[in-house]
Amino acid sequence: MTDLSAHSPDRPGPGLPFLARPGVQRWAARFPLTRPFVRREGAEIFDLVQGFVASQTLAALVELNILEELVDGPAHVNDLGLRAGVPADRMQVLLQAGAALGVLRRRRKGRFALSSRGAALLGVPGLKLMILHHRAFWDDLRDPVALLRDPSGSALSQFWPYVMGATAKDDADTAARYSTLMAESQELVAQDTLDLVPLNDAEHIMDIGGGSGAFLAAVAGRYAAPHLTLFDLPDTAPSAQGYLTQAGVLDRVALSPGSFRSDPLPTSADVITLIRVCYDHEDNTVLALLRAIHAALPAGGRLILSEPMSGGARPDPITDVYFALYTMAMGTGRTRSAKELTTLLRQAGFAKVSAPRSRRSYVTSVLQAVKAG
């Protein structure tokens, strides 16, 4: 007969990890040498459990424009509630939560102020727009198991049909929506990329899939010499013209409409850039693009590939969580490690690939590949 008592909560099986055994956590919480570790670990575990509440709290603060309301100084909970159309008692709950998250600060007599973290959040280009567009992503994460089993038909894939390129129905509004978000969030990516890879010796830089041209606008702000070309779908041209005009660099950027899936690439550039492009697409699409780039570059020409990358053998708490699940929900690509991308680059013909150390992996990581002479 089977001895069921051997599997009772008080008598764990031999394969149960030590820290998961009943009683061990209680003992460790009391023992002086382990007590600080247990408390810290417990708090961090609860942070994982309540993370979705924190993100939704932030979304409410952003959607109700609470952070902007506090830019000019502290405000009373009653006034903030009246402006937002939220009863004062519930607004108090939201503001208290915002203070606990560190984006607000409590003041005396029912007033709240913007914290340094909240001010920094407002100052990050594109972050507010990204938070607002997360509604589609949250719809997919409502049932994460269903997403893992079959990401087709996800809400996020419907939000971003533009990335399907030639396989998607032409939709200028969708292309503009995609380009706006990419442009607003591209500034940090552009600056980090340019800090890691100097382009002072480039004669002609072509950015593929550059949308509104935000990256080339950043290049133009640093370097006066190189010719600049933006290669992207025709539907992105109006957005690019508007953005580059506002940036004052339209006269320096040649717009070259086309799809890298089906059209040949121009061959005049000695540096080609892919900024947050590869992780939008499947391996076969990426490999075909890298081969086309290799063919388009002259001997000694460079490819700069910049995007969030998986930590690979050392899992990254941001790119292997947020970006990995995000690209899965998009249904068209995935977050790859530097090693995986290097393998694709070498399959495409690039012999020399280097990886400058990223300052902020949650913004971007960079690979530089050189075509052999």
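What is the right way to read the nonpolar core from this model?
If you look at the biggest cluster of nonpolar residues, it comprises 28 residues, and the most contacted ones within it are Ile208, Ile272, Leu274, Leu290, Ile293 and Leu303. Put simply, the parts of the chain that give this core at least two residues each are β4 (204–208), β7 (271–275), α14 (283–296), β8 (302–307), α16 (338–347) and β10 (365–370). At 6 residues, the largest contribution of residues to this core is made by α14. Every residue in contact with Ile208, bar those within four places of it in the chain, is listed here: Phe231, Phe260, Leu265, Ile272, Thr273, Leu274, Val277, Leu289 and Ile293.

Help me understand the environment of Thr267 in this model?
Within the secondary structure, Thr267 is located in the loop between β6 (253–257) and β7. Looking at Thr267, the relative accessible area reads 59%, which means it is exposed. When the C-alpha positions of Thr267 and Leu297 are compared, they lie 6.3 Å apart, and in sequence the two are 30 residues distant.

Got a minute to help me understand the side chain of Arg302 in this structure?
Within the secondary structure layout, Arg302 lies in strand β8. Polar side-chain contacts of Arg302 include one of 3.4 Å to the backbone oxygen of Pro198. In terms of polar contacts, Arg302 uses its side chain to reach the side chain of Gln368, at 2.7 Å. Those residues within four positions of Arg302 in sequence are excluded, and the remaining contacts are Val197, Pro198, Leu199, Asp201, Asp270, Val271, Ile272, Leu297, Gln368, Ala369 and Val370.

For this particular structure, what's the right way to read the packing of aromatic side chains?
To describe a pair of aromatic rings, one takes the distance between the centres and the angle between the planes. In total, this model carries 5 aromatic pairs according to the counting rule given. Their ring planes at 45 degrees and their centres at 6.4 Å tell us that Tyr279 and Phe323 sit as a pair that is tilted. Highlighted residues: Tyr279 in the loop between β7 and α14 and Phe323 in helix α15 (residues 319–330), separated in sequence by 44 residues. A single burial state applies to Tyr279 and to Phe323, both of which are buried. Arranged with centres 4.9 Å apart and planes meeting at 90 degrees, the rings of Tyr322 and Phe323 form a pair that is edge-to-face. Of the residues examined, Tyr322 reaches a relative accessible area of 22% and is grouped as partly exposed. Residue classification places Phe323 among the buried residues on the basis of a relative accessible area of 12%. An aromatic cluster is built from Phe137, Tyr279, Tyr322, Phe323 and Tyr326, whose rings are joined through pairwise contacts.

I'm lost on unusual backbone geometry in this one. Help?
Residues apart from glycine generally show negative phi values, whereas peptide bonds are mostly found in trans. In the Ramachandran plot, Lys109 falls in the positive-phi region, its phi being about 60 degrees despite a non-glycine side chain. In this structure, Lys109 sits in the loop between β2 (104–106) and β3 (111–114). Not every positive phi belongs to a glycine, and Arg276 is a case in point at roughly 55 degrees. Residue placement: Arg276 occurs in the loop between β7 and α14.

I'm lost on the sheet that holds β8 in this one. Help?
Paired through their backbone hydrogen bonds, the strands of a sheet run either parallel or antiparallel. Pairing within the open sheet is mixed, and its 7 strands lie in the order β6-β5-β4-β7-β8-β10-β9. Each edge of the open sheet is held by one strand with a lone partner, namely β6 and β9 (352–354). With strand direction ignored, the average angle separating the axes of adjacent strands in the sheet is 20 degrees. Looking at chain direction, β4 and strand β5 (residues 227–232) are connected through 5 bridges and run parallel. Its bridge partner being in β5, Ile208 is matched across the sheet by Phe231. Taken strand by strand, helix α12 (residues 214–222) contacts β4, β5, β6 and β7, and its axis lies near 175 degrees from that of β5. Each of β4, β7 and β8 touches α14; the most contacted strand, β7, lies at about 160 degrees to it.

Reading guide: rules and limits
Each residue is numbered by its place in its chain's sequence as written, counting from 1. At least 70 in pLDDT is required for a residue's local features to be given in this predicted model, at least 80 for side-chain atom pairs to be given and counted, and no such filter applies to totals for whole chains, interfaces and linings, which use all residues. The side-chain values count all of the structure's non-hydrogen atoms but skip hydrogen atoms and water molecules. Working definition of a nonpolar core: buried Ala, Val, Leu, Ile, Met, Phe, Trp, Tyr and Cys residues. They are joined through side-chain atoms within 4.5 Å. For the exposure calls, accessible area comes from a 1.4 Å probe over protein chains only, and a residue counts as buried if that area is under 20% of its type's maximum, exposed if over 50%, partly exposed in between. Strands are runs of DSSP state E lasting at least 2 residues, helices are runs of H or I lasting at least 4, and numbering of each runs from the N terminus. When checking whether two residues touch, look at their non-hydrogen atoms; a contact exists if any pair is within 4.5 Å. Residues adjacent in sequence count toward polar contacts only when both atoms are side-chain atoms; beyond that, a polar contact is any pair of N or O atoms within 3.5 Å, and within protein one must be able to donate a hydrogen and the other to accept it. Stacked, edge-to-face and tilted are the three classes for Phe, Tyr and Trp ring pairs, Trp counted by its six-membered ring, which pair at centre distances within 6.5 Å; planes under 30 degrees apart are stacked, over 60 edge-to-face, the rest tilted. One bridge is not enough; two strands pair if DSSP finds at least two bridges between them. Under this scheme, a helix contributes an axis fitted over its contacting stretch, all axes are lines through C-alpha atoms, and angles between N-to-C directions fall in the 0 to 180 degree range.

Take it as geometry only, folks, not as evidence of what the structure does.
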